[in-house]
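So you can see what is in the structure, the chains are spelled out below.
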Amino acid sequence: MAIRRLSYRLDQEPDTGALRLFLPDMDTAMNTDTDGSGHQPHTDTGELTSTVARVIGIPRAGETGNELSYSLLPDGGRLLCAALPGQRVEALHLSADTPGPGPVWPIDTWRSESWEAEGTQTLGAGFVESELPVPEAHFDRDVLVAFARARADRVAPFLADVRRLFGDPAGRQIVLVEEDSETVARWVALACASLPEAYVPALTFTTWTADPWRAPQQIIGIGPDADFDRSDDATVEHLFRVHDGTGGPESPAAELDAWARLTAERWLAGNPPRPAPGAAARPEGPFALIPLVSGSGGVRNAAGAAGAGAVGRAGGSGGRTGSAERAGAADGTGAPENTEPAERTEPAEHTGHAGHAGHAGHTGHAQHAEPAERAELTGLTGLGGETLRAVFDAFAHSVTRGEADPGTLDELDRLCRGLDGDQALAARPLALALVKHRLDASRGRGTLPDLAAFEGLPLGQEAWRELREEYGDRADGALRARLRDPVTTWTEPLRLALAVGADGGPGLAEAMDRLADALLHPERRDCAQAVQVLSELDHVAFTRRVLRLLLVGFTERKLDRLRALANSPQGAWLRRNIDDAPLTVRLAAAAAQWSGPPDRLRGVELFERLTELLSGQRVEDVKTLNLLWRMVWRNDPPDRAEQPRVARVCTPRLIIEADLGRRIMGWLREPDHCDLELVDFAREMRKDAKLGAQDRDTAELLVIAQDLADGRLGVSRASVGRLRELGRKVSPLGVVLRKGIDERVGRALAGANPLDVCESHGLQILVAAGPDLLGAYRAHLMADRTRDRLERELPGNPAELAAYYHIWRPRRRHGVTTEWREVAAELLDQVLAPVFVRLDDHHLGQVATVLQREGQDVQEWTAWRYRAGQEKS
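Residues numbered from 1 in each chain as written. Predicted model: local features only at pLDDT ≥ 70, side-chain atom pairs only at ≥ 80, totals over all residues. Heavy atoms only, no water.

Caption draft 1: Examining the overall build of the protein more closely. If you tally the helices and strands in the protein, you get 38 helices and 9 strands. Put simply, the protein has 873 residues, and 53% of those count as buried. Nonlocal contacts in the protein, meaning residues at least 24 apart in sequence, comprise 71% of its contacts between residues at least 6 apart. Accessible area for the protein stands at about 38,400 Å²; split by element, carbon and sulfur atoms hold 48% of it. (Helix = DSSP H or I, 4+ residues; strand = E, 2+ residues; numbered from the N terminus. Buried < 20%, exposed > 50% of the residue type's maximum accessible area, 1.4 Å probe, protein only. Contact = heavy atoms within 4.5 Å. Areas by Shrake-Rupley, 256 points an atom, 1.4 Å probe, with all protein chains shown as cover.)

The structure is reproduced here in structure tokens:
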């Protein structure tokens, strides 16, 4: 192996005046070789000098700069050249068998002060990095992150073209048009920091050249004034990949590249990919996507121990398209057949390949990075559309081809479980590939997959259909064959059938039926065995389905069995899974629990407690009401005192719809209070076609009385006649109900027009009424509001005045109660007399005319009016 350090000066030929490279006068002192033996062999440097001139391109007169170029030579050697101010050129040549220089060299030697070292420096045998131009750490992690963010929209397209230098035999050279060579150097550093480690030493570049057409490197930096026609379509579309940072014409965007896009996202997120020297190669290939998503340092691991030494073995002349032979498939996940860049056989004048910007955060000579921690999969932020689908498809293909190691599979599994929306849809192929991988792996080992491996994966209906077609029938058939064995042997076959989603299969259906039947016979041994199997499976969805089968063909007998299950030793398991059980099972278990110690609830107390388990804590449908009724009372009615509370928990209408109203008719016959709840119940009960005549008449009597009192039903011959008829039919009524009806009728007659009372024969009700009816009647008419209204309105209504007098005038005939005589006399004196004493002769004459027309005794009225006037005066 050999390392040469050569120094040149750029000067004119004495004869032609052309610029060319000249060795200094003291060549032997300033140019040193070693072959590793300690001896200084005599070597002709003419050929090497010619190569240096070719790869750097001879600048025009007066041009100086800080160009840095790195090239691969046809024999596998490498050449690093720095064009320095003062027309000086420094070159470093490593032979093909010299080990590689490490991950931070050579791009970090740009503007390195070590290029200014004394020419007498002697290199030791072998590779001694301290004797080479040292990096100045211009391109550490923070610098490159800031650089990428400032050019966010250009990072992914640039990295995609860098990737194609190795993946496509026809990959075109990249031309970077920038205002200065420092910007070009940072683009090169970004590429080196992004590539897999094995590819970095094969990336050739020149940070600045005046003649890009003759530059042999893969990445070529030029200024906006270079002799390069960017307006020519052939140049930007077929010959080069042009990236113009000055706003000029450039090549059209290339096709999607998932690796480039993800790598760019990592840089922009401030968490760039990190090298991990010495780590094992990833089976997915050098351009693996998983490390880019997970944030692990494995992105460079594909090169493995080959490292930079691969470059030393990369023979060939490099050329415009790079020396890696199909380094990865174009979809972003392909692994190269050889992790080393392969040879190319292009003409020598097109030589040139690469160096490496080094691991992020590197400073000085440090060559080792801390081992990267396994991180959460967070690199998908901002991805969508075709990029997102391409990433997941690449992951799926990697799993299907068996390229993913166990750690990678775990990372992909976590990734799938953390997604939703469009990302979950895009991840379905990957989720399916993971499930198939686990199923196939477990089958090969003769074991069963863990059900937890499938919970939360975004598989989708189509994926489940495919799994059922491919694996379901086989697993379901195996399960069905095992159902002839004892129940305790069903666990593992059930686990496999559930793992592949064998829904609808006859084996799984039969197993669920038999488990449900066993649960409904807690007195048998099979019940305990069924609980054991369900506990071992610990499969929430399957347990829920078995519990639902308990209600198939539901009868009162099954209800008793559910309560027996809840009271059995297996009741503890039922209570642990009660949240997954149907409402009926939950209610039955609760009824069994609360009926026993310490609660010992019965009747409406148990009924109300059970309703707390319902949505809204109220019974709102007939099915639930019937269920609760059977649990609490079976076919018996509640105690009379409990019946109003039952109606309040649900509604009277719901009780009638459930055909349970007749069981609480005692509430209507003998209520504690005659309130609106009772009236509502009576109103609904009238609709029950099975209700007895006596109960129906009672309900209708209460409803008519309420409607008359509310004014919804007018006082007429028909309504009053119906009221009297119903009163005769249902007599005698209970004390509370009779009082409630009388009070409502009294209010109705008091509030009605007196002409309607007379016309409807309501007076016949009044004269024979008891104290409850008369008390309500009197209270309404004696109220200040009523008296004030009558004093305002009656003077202008002689017919109503005459009617009130007719109703309240003194009567002595048979059937008139003493209570009515007293009430009527009071109303004449307190309500009607104050109106009459203020009437003039005209209005008094109108009243007399009405009385005479109706056949009333005018003389009696005149005498009463005279007496009333005397008393008021």
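Caption draft 2: Inspection of the packing of helix α28 (residues 693-710) against helix α30 (residues 735-751) at higher detail. Packing of α28 against α30 brings their axes to within 7 Å, and their N-to-C directions diverge by 30°. In terms of orientation, α28 lies roughly parallel with respect to α30. Crossing of α28 against α30: the hand is left-handed. Between α28, through Thr698, Leu701, Leu702, Ala705, Gln706, Leu708 and Ala709, and α30, the contact on the second element is made entirely by Leu737, Ile741, Arg744, Val745, Arg747 and Ala748. In terms of residue class, the contact of α28 with α30 is made up of 9 nonpolar, 2 polar and 2 charged. (Axes fitted to C-alpha atoms, helices over the stretch in contact; angles between N-to-C directions. Parallel < 35°, antiparallel > 145°, perpendicular 65-115°, else oblique. Left-handed = near helix turned anticlockwise from the far one by under 90°. Nonpolar A, V, L, I, M, F, W, Y, C, P; charged D, E, K, R; others polar.)

Caption draft 3: Geometry of the environment of Glu800. One can find Glu800 in helix α35 (residues 798-808). Spatially, the C-alpha atom of Glu800 lies 6.2 Å from that of Pro754, the residues being 46 residues apart in sequence. Setting aside anything within four residues of it in sequence, one finds Glu800 in contact with Asn753, Pro754, Leu755 and Leu794. Within the structure, the side chain of Glu800 is placed 3.2 Å from the side chain of Asn753, a separation counted as a polar contact. (Polar contact = N/O pair within 3.5 Å; in protein donor to acceptor, adjacent residues only side chain to side chain.)

Caption draft 4: Structural detail: the packing of helix α5 (residues 181-194) against helix α7 (residues 258-268). Remark: α5 packs on α7, axes separated minimally by 11 Å, with the N-to-C direction vectors making an angle of 110°. By the criterion of interaxial angle, the relationship of α5 to α7 is roughly perpendicular. Each of Leu190, Ala193 and Ser194 in α5 lies in contact with α7, whose residues at this interface are Trp259, Thr263 and Trp267.

Caption draft 5: Geometry of helix α29 (residues 717-730). Between the first and last C-alpha of α29 there are 20 Å, a value that for 14 residues agrees with the 20 Å anticipated at 1.5 Å per step. Of all the positions in α29, only Ser719, Val720, Leu723, Leu726, Gly727 and Val730 are classed as buried. The buried residues of α29 occupy an angular sector of 130° when projected down its axis, which confines them to one face. Among the exposed residues of α29, those pointing more than 90 degrees away from its buried face are Ala718 and Arg728. Elements in contact with the buried residues of α29: α28, α30 and α32 (762-767). (Expected span 1.5 Å × (residues − 1). Arc of directions from axis to C-beta.)

Caption draft 6: Geometry of the nonpolar core. Core analysis: the biggest nonpolar cluster contains 219 residues, and Ile219, Tyr777, Trp808 and Trp820 have the highest contact counts within it. Top contributing element to this core by residue count: helix α36 (residues 818-836), with 10 residues. The residues contacting Ile219, other than those within four sequence positions of it, are Phe158, Val162, Leu165, Ile174, Leu176, Val188, Ala191, Leu203, Thr204, Phe205 and Thr206. Core analysis: the second largest hydrophobic core is formed by 13 residues, Leu6, Leu10, Ile56 and Val89 among them. (Core = buried A, V, L, I, M, F, W, Y, C linked by side-chain atoms within 4.5 Å.)

Caption draft 7: Layout of unusual backbone geometry. The amide bond that connects Ser731 to the next residue, Pro732, takes the cis arrangement and shows omega of 5°. Tracing the sequence through the fold places Pro732 in the loop between α29 and α30. A positive phi is found at Asp538, a non-glycine position, where the angle reads about 50°. If you trace the backbone, Asp538 turns up in the loop between α17 (525-537) and α18 (540-549). Judged by relative accessible area, Asp538 falls into the exposed class, the value being 62%. A positive phi angle, near 60°, is found at Asp659, a position not held by glycine. Relative to the assigned elements, Asp659 resides in the loop between α25 (652-657) and α26 (666-669).

Caption draft 8: Structural detail: the packing of aromatic side chains. By the definition in use, this model includes 16 aromatic pairs. Both rings, one in Phe147 and one in Trp187, keep their centres 5.0 Å apart while their planes meet at 80°; by these two values the pair is edge-to-face. Taken together, the positions of Phe147 in helix α3 (residues 141-150) and Trp187 in helix α5 put the pair 40 residues apart, joining distant regions of the chain. With relative accessibility at 5%, the residue Phe147 sits in the buried group. The exposure class assigned to Trp187 is buried, which follows from its relative accessible area of 0%. Grouping aromatic residues by their ring pairs yields a cluster made of Tyr805, Phe836, Trp861 and Trp864. Against the face of Trp594 rests Arg609, its NZ or CZ located 4.2 Å from the ring centre. Above the plane of the ring of Trp861 lies Arg865, whose end atom (NZ or CZ) is 5.1 Å from the centre. (Phe/Tyr/Trp six-rings, centres within 6.5 Å; stacked < 30°, edge-to-face > 60°. Lys NZ or Arg CZ within 6 Å of the ring centre and 35° of its normal.)

Caption draft 9: Region of the structure containing α35. Where burial is concerned, most of α35 is hidden: 8 out of the 11 residues are buried. Within the span of α35, buried status applies to Pro798, Leu801, Ala802, Ala803, Tyr804, Tyr805, Ile807 and Trp808.

Caption draft 10: Quick peek at the side chain of Thr206. As for its position among the elements, Thr206 is in strand β7 (residues 205-206). Take Thr206: its relative accessible area is 4%, and that puts it in the buried class.

Caption draft 11: Up close: the pattern of salt bridges. Evaluation of the coordinates by the stated rule reveals 44 salt bridges. The partner of Asp161 in a salt bridge is Arg241, with the nearest N and O atoms 3.0 Å apart. Linking Asp161 in helix α4 (residues 152-167) with Arg241 in strand β9 (residues 240-244), this pair joins segments that are 80 residues apart in sequence. There is no split in this pair, since Asp161 and Arg241 are both buried. The salt bridge involving Asp244 is made with Arg230; its shortest N-O contact spans 2.1 Å. Here Asp244 is found in strand β9, whereas its partner Arg230 is found in the loop between β8 (219-222) and α6 (233-239), with 14 residues between them in sequence. Summarising the burial analysis for this pair, Asp244 and Arg230 share the class buried. Overlapping salt bridges bring together Asp659, Arg662, Asp688 and Lys690 as one network. (Salt bridge = Lys/Arg side-chain N within 4 Å of Asp/Glu carboxyl O.)

Caption draft 12: Region of interest: the pairing of strand β5 (residues 88-94). Of all 7 residues making up β5, 6 are buried, and the element is well covered by its neighbours. By the bridge criterion, 7 bridges tie strand β1 (residues 3-12) to β5 in an arrangement that is antiparallel. If you follow Arg5 over to β5, its bridge partner there is Leu92. As judged from the 7 bridges shared by strand β4 (residues 78-84) and β5, these two strands associate in the antiparallel manner. Opposite Leu79, over in β5, you have His93 as the bridge partner. Taking the residues between adjacent antiparallel strands as the criterion, β4 and β5 are bridged by 3 residues, where Gly86 takes a positive phi near 80°. (Pairing = 2+ DSSP bridges.)

Caption draft 13: Local environment of a negative patch on the surface. A cluster of like negative charges, contributed by Asp227, Asp229, Asp232, Asp233 and Glu237, occupies part of the molecular surface. Considering the arrangement of structural elements, one finds Asp232 in the loop between β8 and α6. In this structure Asp232 comes out as partly exposed when scored by relative accessible area, which is 31%. (Patch = residues over 30% accessible without salt bridge, like charges linked within 9 Å, V, L, I, M, F, W, Y side chains within 5 Å. Lys, Arg positive; Asp, Glu negative; His and termini not counted. Charge placed at Lys NZ, Arg CZ, Asp CG, Glu CD.)

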